Every structure is written in C-alpha cells, then in structure tokens.
Amino acid sequence: MPGGLDTHAAIRWRTAAKAGENQGNQGKAEPMNLFADIRDAVADSIEALGRDGGLPAGLDPGNVTVEPPRDSAHGDMATNAAMVLARPAGMKPRDIAEKLAQRLAGDARIASAEVAGPGFLNLRLAPEVWAGVVRTVLERGADYGRSDMGRGQRVNVEFVSANPTGPLHVGHTRGAVFGDALASLMRFTGHEVTREYYINDGGAQVDVLARSVYERYREAHGRVPEIAEGLYPGDYLVAVGQALKDKVGDAFLDRDEEVWLDEVRAFATEAMMETIRADLASLGVRMDVFFSEKSLYGTGAIEAAIEALREKGLIYEGGLEPPRGKTPEDWEPREQTLFKSTEFGDDVDRPVKKSDGSWTYFAPDIAYHYNKIERGFDVLVDVLGADHGGYVKRMKAAVAALSNGRVPLDIKLTQLVKLYRDGVPFKMSKRAGNFVTLRDVVERVGADVTRFVMLTRKNDAPLDFDFARVLEQSRDNPVFYVQYAHARICSVLRKAEAAGFDLTAAADSGPGLEDEAEFALARKLAEWPRLVEIAARSHEPHRVAFYLYDLASAFHSLWNRGNEKPELRFLHEGDAAATAAKIALPQAVAVVISAGLAILGVTPATEMR
RNA sequence: GGCCCCGUAGCUCAGAGGAUAGAGCAACCGCCUCCUAAGCGGUAGGUCAUAGGUUCGACUCCUAUCGGGGCCGCCA
C-alpha cells in the first residue's frame, strides 16, 4: 500500500456536508455504511467526469451498485457502473471503467482500482479504511448499522393473529418469531413499527369455543361433559370451565344457550387471549395492539369499508361463473355482492356479502385493513400461515383499491414447521386437540434457541425443527456456533480485564490489522449496515441469522490463526500496546453479534455450558 | 379443476440482474506444551429440473412443461 497515504484523510473521509449527519459525534465522523459511501464516491466521480467532459453530462447513476465481489481475489468492492452506463453514454464499458478508475485513484480510501472482465471496476481499499470500520463499530456500539432508510415510515406488522380458541402451537411460533424479528429489523432501519394482533373473535369459531367451555363448566359442576363432534376437546379448557364456575356459580347450569352464549363467549375469548399473551411473552414477543374483529361489527365499520369500495365503482351485485372444470353437483347461480378484485390482479371477483345478506369472511378483513390504512400506516405487512395462500391476491387488491395504491401490502406466508427428535419425525397424536404447543417448544429448548432456529430458513421454505439437533453443540448447529463465537470473545475480554488491560483504550489506539484473516473479519463487519438494509427492504429477517453465522465463521477462523501465528492472538501478556491493537477487532465482532441477535430477539451467550 | 410455495453438490440449505454458483453435514487428508479443538485449514463433489424468451449480462425476471409440497374445490 502507498507509504504516503494520508491516514488522517482516509479516516475522515466523509465530506463536510455528509459529516453533518453525524453531528454530536465529537467530530469523529466515521462512515456508517462503507458500501454506501463508496457508492457515493463512484456516483460523484461520474458526475465530475460529466462536468469536465470525460463522460456525457447528466448520466443517471441510479442503477450503479457497489457490492462485495463473490471472489475476494477481485478486491474488496466491485462496481457495475461502467456496464450500466455504457448504453446511455454510448461508450464501451471498459473505456468508462478506465476513466472512473483514474478518477477514483485520487480518493485516499481507494488503494487500487482495476478494470476487469466485461467492465467491472474492482476496488481495493486502503488498510486504514478497515481499521476505521472497526473503530466505527466500537464508537457506535449497538447503533452500528442502524439506518434512517425507513425515514420514519409507519409500518404495521400484523402477525400471529391465531383464533382465540386455544394455546399457540408450533406453526404460530414460527409466525411469531418471524413477525417480531421483522418488526425489530424495520425499526432498526428507521421505520416506526407497530406490532399488531388481529383477534378473530367475530366468527362462528368463538361460538364453538363458548359451547366447548360450557361443557367444561358443566363438568366443573360434576356433570359429564358432552364434547360433541366439532367442539374443541382440548384439556386446556378444563380450567376455563372451572374459572367460569368460580365466577358465575350455577347461574348457567341447565339453561338454554341463548341465556349464556354471549357471556360465556366473552369470558372464554378473554381467557384464551390471556393464554396467548402468556405464550407470546414466553417467547419474548410483545404486541403493541390487539385488534378485535368484533369491534368491526355493529359499528358500521364494515359497511363503511364496502361503501368506500362502492364509491370507486368496485362493488356490484352479480353471480359468479361456475368453477372451471367439473361443475360440482350442487352448484347453482346465486346473486351476491361482489368486489371487483380482478381489476387489481385477482383471478376472479370475490363475494363480500352472501346471497342471504350476511357478510363473508372477506368483508371484515377488508374493513380491518381499511382501518389500518385510515390509521395512517404507510406500509402494511401481514404474516400468515401458508394455508392462507388463497387469500393473498384478494387482500392486496382490496388494500390497493382502498388506499388508491398508496399503501403497499406485503403478505409473508410462513411454511410448515416439521418437528423431529433425533431425525425421527415427531408424531403428534391424531386425537384432536393434542398438538405440540409453543410452550412445549420453549420449555424444551428455550426461547433463544427457538427464535434463532425459526429464522434459519426463509419464511417461504419449510423448516425442519429437530429437538435434539437444535441443542447440539457443534458447527452444524448455527445457534450454538454463533453463541460460541460471542462467548469466546466474552471469555477473552474477561481475561483481559482480569489481567488489568484497559479495554477502553483499545478503541482509541485503533486496531492493528495485518493478517488476511483480520481483514476478512473487518470486511464482514463492514457489510453489516448493508446487510441490514437489504434484509429490511425485502422483509427477510433470516438474512440476519445467516450473516451472523458467516461473521462467526470468520471469527473462529481468525481465532485459530492464532495457533500458527501467536502475534495474531488477542491477548498479549504484559504488553498493553499489543493487546490494545488486537483486542479491538473481537470487541467489534461481539458488538455486531449482539446487535444482530438483538434484532432476532436472542440473548447473546457470555459463556458456554 | 384452480391458486400458492419449492426444485441449486450424495444430504440440509445460502445466494439485490453481474465475473470461475457458495456454506454446513457426510467422505478423505491435516492442525491442540498456545486466549474454550464445543474449533480451524485443505481435498473431492454441479447440466442451478427442462425448453423457450427479455438484455451487454439470467440461479435470479417472463412464459410453458415436468417433478415435490400446501391450500381450495365455492357464498374463499
């Protein structure tokens, strides 16, 4: 690397204007997102070249990206600028790349810029840049990687929303973890996030619940419960029946349903929601809003939502075509109230009101989403089980219609969780009501493990959850592997403190990076802000889990390099300067691991047991 | 019959339209007098299901087909 490098300039590379964003940082304006900064530099170069005639003026750098190359032999960062601009500039990609390379070579951060392949520009950054990344991490601490990408946009993440008829099960667990992590992720990227649960307390299923609880109530009075086909048989209702007895005594005994139905339904629903809230709490999930479907009935809310659609000319009375293919025996044309969802990409218009005049399930859902829009959210996210796949197009259509296209609705479907124990499928008894609950899972493996494992797959891929394997302490268990990295660092820091080293000095004296394994780790740290933004933009929190695994891997790798090269170890007995130089990097890694785990809702381990 | 998801190494899976497609496991070969070897390094392993299309460039986007899974089959 050039000996005459102005390290001072290299560290303080932010222009004065940009540094303004970082006021209150005592003038130490280190970059937050290195990739964004270098991309800015490329864009600036394009503009400058446009001014002095090297390139046509006014080129749009919108599609220019700066990203880590697949192969690190290609350098630290690569930009596609020349290829993207070739057509609008009317020039050959490699010619553009050459001009950019010359320009960028004047940037103190950039050690070399080489044209490669069809017109890639491969950039190698000055060693000081990577040391600067480590310092930035230590300065920012838990805020490193936080961004204002969301610009305060109000996001509503609706998740779990299980029917209030029983405790949460494994499927809900995945949705709960996903939604919660996504909410944290979006908050980290500058969105204002509301976690919301939609209580389906308005449909027939809560009547069934009430009748089921009534039988348990009778049971509490010493009667034999009659759990008819279709009622909920689960034991968890026994206590609810008892509680009902404690509350109302024998007031409902041997009375007609009309006497007790409303009250028992309300009582049972509340009891179930208490259970569900406790289930969520055991996972560390806290909702901001519980929204009751029932609150939409009798208040004109549904009517208003349908009316809003009608005003847009999207509601009509009519019949649907019989289903294509074989027509069911009992099919007959029926007049009903339909929403023109086909105008927004749905396959067929959807009924909102049945021929008997009652609402379909779709109607309150429309009203609920209308309510979210009216509450002023800018972005809606629904996290649903994959069995709701058929619902996606019509709901997106409704939201597009009601918000005039202003509010995007993203529906994330979480696929099945398959349970195993030591590779053997976990058989659930066919007896209805006997399923593996969220509590079962959390009690067996703990909330941290549950959460991390649930995020080691994309939401739309099925997930295998093996009770034995997730507790295994080996490299192929990502939870352990990441936690182990963090614990190792904590162990080192404990020893450093015990040896009397001043850890706060490490950040100031700065890391001395020399080995490729150290640079690799610093590069990984530099990717964090970028990774966070990509994950938030695509609503994919699993990317955080995968990143942490990669980061841990780079760390373990460096750790073992210390076997061959003792000078790379983090602790150097009796040598404060050497220790300060080496300990900053693992400190920074610990900061990012705990920041990442915080987004996933996982507590970092400080030691392994 | 319709809709949704998936198809990448023997297995489980990553992969913002970029270069020679990457990890882990399993296999094989190495590394502990040294901060936790609960770890690390290396070798081997591929028609990214198939066929078209879009473009400077496709595992990635579009269409069709095949295969696996799921939901629905009608007042969803």
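Residues numbered from 1 in each chain as written. Chains lettered and ligands numbered in written order. Predicted model: local features only at pLDDT ≥ 70, side-chain atom pairs only at ≥ 80, totals over all residues. Heavy atoms only, no water.

The next thing to look at is the nonpolar core. Phe 465 and Trp 528 are the most contacted members of the largest nonpolar core, which totals 126 residues. The biggest single contributor to this core is helix H20 (residues 576-600), with 13 residues. Apart from residues no more than four positions distant in its own chain, Phe 465 is found in contact with Val 417, Lys 418, Leu 419, Tyr 420, Val 441, Val 445, Thr 450, Val 453, Met 454 and Val 470. In this structure, Ala 363, Leu 384, Ala 397 and Ala 401 belong to the second largest nonpolar core, which totals 33 residues. (Core = buried A, V, L, I, M, F, W, Y, C linked by side-chain atoms within 4.5 Å. Buried < 20%, exposed > 50% of the residue type's maximum accessible area, 1.4 Å probe, protein only. Helix = DSSP H or I, 4+ residues; strand = E, 2+ residues; numbered from the N terminus. Contact = heavy atoms within 4.5 Å.)

What follows is about the side chain of Glu 540. With respect to the element layout, Glu 540 can be found in the loop between helix H18 (516-537) and helix H19 (542-564). At a separation of 3.3 Å, a polar atom in the side chain of Glu 540 contacts the side chain of Ser 538. Engagement of the side chain of Glu 540 in a polar contact is seen with the side chain of Arg 543, the distance being 2.6 Å. Residues in contact with Glu 540, not counting those within four places in the same chain, are Leu 185, Lys 412 and Ala 535. (Polar contact = N/O pair within 3.5 Å; in protein donor to acceptor, adjacent residues only side chain to side chain.)

Going residue by residue along strand S9 (residues 336-339), you find Gln 336 and Leu 338 tucked away on one face and Thr 337 and Phe 339 tucked away on the opposite face as well. Judged from the four bridges that link them, strand S8 (residues 315-318) and S9 form a sheet pairing that is antiparallel. Bridge pairing in S9 links Ile 315 to Phe 339. In this structure, S9 lies alongside strand S10 (residues 350-353), joined through three bridges in antiparallel fashion. In the strand pairing of S10, Thr 337 is matched with Lys 353. (Pairing = 2+ DSSP bridges.)

Right, let's get into unusual backbone geometry. Positive phi outside glycine occurs at Asp 422, with the angle close to 55°. One can find Asp 422 in the loop between strand S13 (417-421) and strand S14 (424-425). A positive phi angle, close to 55°, is found at His 539, a residue other than glycine. With respect to the helices, strands and loops of the structure, His 539 is situated in the loop between H18 and H19.

Going through the model one piece at a time under the given rule, you end up with 17 aromatic pairs. Geometrically, the ring pair formed by Phe 555 and Phe 570 is stacked, given 5.9 Å between the ring centres and 15° between the ring planes. In this pair, Phe 555 sits in helix H19 while Phe 570 sits in the loop between H19 and H20, placing the two residues 15 residues apart along the sequence. Ring centres 6.2 Å apart and planes at 65° place the aromatic pair Trp 559 and Phe 570 in the edge-to-face group. Separated by 11 residues along the polypeptide, Trp 559 in helix H19 and Phe 570 in the loop between H19 and H20 bring together distant segments of the chain. A relative accessible area of 27% means that Trp 559 is categorised as partly exposed. Classification of Phe 570 as buried rests on a relative accessible area of 7%. (Phe/Tyr/Trp six-rings, centres within 6.5 Å; stacked < 30°, edge-to-face > 60°.)

Attention now goes to the pattern of salt bridges. Inspection of the entire model under this criterion finds 36 salt bridges. For Asp 279, the salt bridge is made with Arg 439, and the minimal N-O distance between the two is 3.1 Å. Taken together, the positions of Asp 279 in helix H10 (residues 257-283) and Arg 439 in helix H14 (residues 438-445) put the pair 160 residues apart, joining distant regions of the chain. A relative accessible area of 29% places Arg 439 in the partly exposed class. Between Lys 412 and Asp 410 there is a salt bridge, and its shortest N-O distance comes to 4.0 Å. (Salt bridge = Lys/Arg side-chain N within 4 Å of Asp/Glu carboxyl O.)

With that settled, the discussion passes to empty space enclosed by the protein. Unfilled space is identified by rolling a water-sized probe across the atoms. In this structure the tally under the stated criterion is one cavity of 30 Å³ or more. Along its surface, the largest cavity is lined by Arg 174, Phe 178, Met 454, Leu 455, Arg 457, Asn 459, Pro 541 and His 542. Grouping the amino acids of the lining of the largest cavity by side-chain chemistry returns four nonpolar, two polar and two charged. (1 Å grid on protein atoms, 1.4 Å probe; cavity = no way out; pocket = protein on both sides within 12 Å on 5 of 7 lines; lining within 4 Å. Points joined across faces, edges and corners; volume = space filled by probe spheres on them. Nonpolar A, V, L, I, M, F, W, Y, C, P; charged D, E, K, R; others polar.)

On to the confidence of the model for chain A. Across chain A, pLDDT averages 88, with 91% of residues at or above 70. Long-range and interchain partners of residues 1-29, a stretch whose pLDDT sits below 50, account for 37 contacts in this model, where long-range means more than four residues apart. (pLDDT = per-residue confidence, 0-100.)

The geometry of H10 relative to H14 is characterised by a closest axis approach of 10 Å and an angle of 25° between their N-to-C directions. Taken together, H10 and H14 sit at an angle that is classed as roughly parallel. You can see that H10 and H14 cross each other, and the crossing is left-handed. Judged by residue contacts, Ala 278, Asp 279, Ser 282 and Leu 283 of H10 engage Leu 438, Arg 439 and Val 442 from H14. Here the contact of H10 with H14 is built from residues that sort into four nonpolar, one polar and two charged. (Axes fitted to C-alpha atoms, helices over the stretch in contact; angles between N-to-C directions. Parallel < 35°, antiparallel > 145°, perpendicular 65-115°, else oblique. Left-handed = near helix turned anticlockwise from the far one by under 90°.)

Let us now look at the sheet that holds S9. Read from one edge of the open sheet, three strands run S8-S9-S10, paired in antiparallel fashion. Looking along the sheet, the strands with just one partner apiece sit at the ends: S8 and S10. Across the sheet, the mean angle separating the axes of adjacent strands is 45° when strand polarity is ignored.

The subject of this paragraph is helix H13 (residues 392-402). Counting buried residues in H13 gives eight out of 11 residues, a clear majority hidden from the surface. For H13, every residue scored as buried is listed here: Val 392, Arg 394, Met 395, Ala 397, Ala 398, Val 399, Ala 401 and Leu 402. For H13, the elements touching its buried residues are helix H11 (301-311), S9, S10, helix H12 (362-374), strand S11 (379-385) and strand S12 (409-414). In the segment just after H13, Asn 404 is the residue with positive phi, at about 55°.

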